[in-house]
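Breakdown of the fold
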Amino acid sequence: MVNMTENTGSVVDEDTFSVRRTIRIAASIDKVWRAVAEPEHISRWFGRTVLDGTGVGATGTMTFPDYDVIPLRIEARDEPHLISYRWNNDDALGDLPDAVDEGTSTVFTFTLDEIDGGTQLTVVESGFERTSAPLENLESHRTGWDLELDKMVALVESEAVESDA
């Protein structure tokens, strides 16, 4: 059994209406990039992701079990160091729009850096002041990023060990 790297949890910044988490992953930057940028890999640890392309402006959806379909769009991409998504994932709202709504959406950005022994990944999600219940959504997404990124670390690290064997 592979032990997952121990990482601290997400932090909420109520002044900037953002959630941030920085983690270390014992895997190459290329493996981590695939996990956060390629829909078939994202779908294995996050929500089922479908995009109509890979570049800036590509749109699609992310679907979670027992939850609605979330509109999604790639906002920025600098392989393998940064990818940013805009989505309408307002947990407090209930119903979600069919397409990305600039007025109510948040943006989450993954930044990847090569470090000794693997990759450092930082996610920052911002824009919660535009949601229906900013503080409630901040807390919901803080716990969500902890859960989802822990799943990603376990998956990527176990695959890195298998490919090195």
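See above for the structure.
Anyway, here's the lowdown on the structure attached to this text. This one's a predicted model, so the numbers in the text were calculated from it and none came from an experiment. (Residues numbered from 1 in each chain as written. Predicted model: local features only at pLDDT ≥ 70, side-chain atom pairs only at ≥ 80, totals over all residues. Heavy atoms only, no water.)

Turning next to the side chain of Glu148. Inspection of the secondary structure assignment puts Glu148 in helix 3 (residues 134-164). Only 2.9 Å separates the side chain of Glu148 from the side chain of Lys151, close enough to count as a polar contact. In contact with Glu148, not counting residues within four places along its chain, are Trp45, Phe46 and Phe64. (Helix = DSSP H or I, 4+ residues; strand = E, 2+ residues; numbered from the N terminus. Polar contact = N/O pair within 3.5 Å; in protein donor to acceptor, adjacent residues only side chain to side chain. Contact = heavy atoms within 4.5 Å.)

Let us look at the sheet that holds strand 5 (residues 69-78). Pairing is antiparallel in the open sheet, where 8 strands are placed in the order 1-2-8-7-6-5-4-3. The sheet terminates laterally at strand 1 (11-13) and strand 3 (48-51), the two strands that pair on one side only. The average undirected angle you get between the axes of adjacent strands in this sheet is 25°. Judged from the 8 bridges that link them, strand 2 (residues 18-25) and strand 8 (residues 118-126) form a sheet pairing that is antiparallel. For Val19, the partnering residue across the bridge sits in strand 8 and is Glu125. Along the sheet, helix 1 (residues 29-37) contacts strand 2, strand 5, strand 6 (82-87), strand 7 (106-115) and strand 8; its crossing angle with strand 7, the most-contacted strand, is approximately 170°. (Pairing = 2+ DSSP bridges. Axes fitted to C-alpha atoms, helices over the stretch in contact; angles between N-to-C directions.)

Turning our attention to the nonpolar core. Counting residues in hydrophobic clusters, the biggest one holds 38 residues, and the most contacted among them are Tyr85, Phe110, Leu121 and Met152. Secondary-structure elements contributing two or more residues to this core are strand 2, helix 1, helix 2 (39-45), strand 5, strand 6, strand 7, strand 8 and helix 3. It is helix 3 that contributes the most residues to this core, 8 residues altogether. In this structure Met152 touches Ile23, Ile25, Ala35, Val36, Trp45 and Leu121, once residues within four positions along its chain are discounted. (Core = buried A, V, L, I, M, F, W, Y, C linked by side-chain atoms within 4.5 Å. Buried < 20%, exposed > 50% of the residue type's maximum accessible area, 1.4 Å probe, protein only.)

We now examine the environment of Val36. Here Val36 is to be found in helix 1. Note on Val36: relative accessible area 0%, which makes it buried. Counting along the chain gives 10 residues from Val36 to Phe46, while the straight-line C-alpha distance between them is 9.1 Å. Apart from residues no more than four positions distant in its own chain, Val36 is found in contact with Ile42, Trp45, Ile83, Tyr85, Phe110, Leu112, Leu121 and Met152.

Turning our eyes to something else, we now look at the pattern of salt bridges. Once their charged atoms are close, side chains differing in charge can pair, the charge on each being opposite to the other. Counting across every chain of the model gives 12 salt bridges. Put simply, Glu102 and Arg73 hold a salt bridge, and the shortest N to O gap is 2.3 Å. Here Arg73 lies in strand 5 and Glu102 lies in the loop between strand 6 and strand 7, a separation of 29 residues in the sequence. Connected through salt bridges with shared partners, the residues Arg21, Glu139, Arg142, Asp146 and Asp150 form a single ionic network. (Salt bridge = Lys/Arg side-chain N within 4 Å of Asp/Glu carboxyl O.)

Moving on, we get to the packing of aromatic side chains. Within this structure, the stated rule accounts for 13 aromatic pairs. Centroid distance Phe46 to Trp145: 5.3 Å. Interplanar angle 40°. Geometry classified as tilted. Of this pair, Phe46 sits in the loop between helix 2 and strand 3 while Trp145 sits in helix 3, placing them 99 residues apart in sequence. In this structure Phe46 comes out as buried when scored by relative accessible area, which is 9%. What links up through ring pairs into an aromatic cluster is the set Trp45, Phe46, Phe64, Tyr85, Trp87, Phe108, Phe110 and Trp145. (Phe/Tyr/Trp six-rings, centres within 6.5 Å; stacked < 30°, edge-to-face > 60°.)

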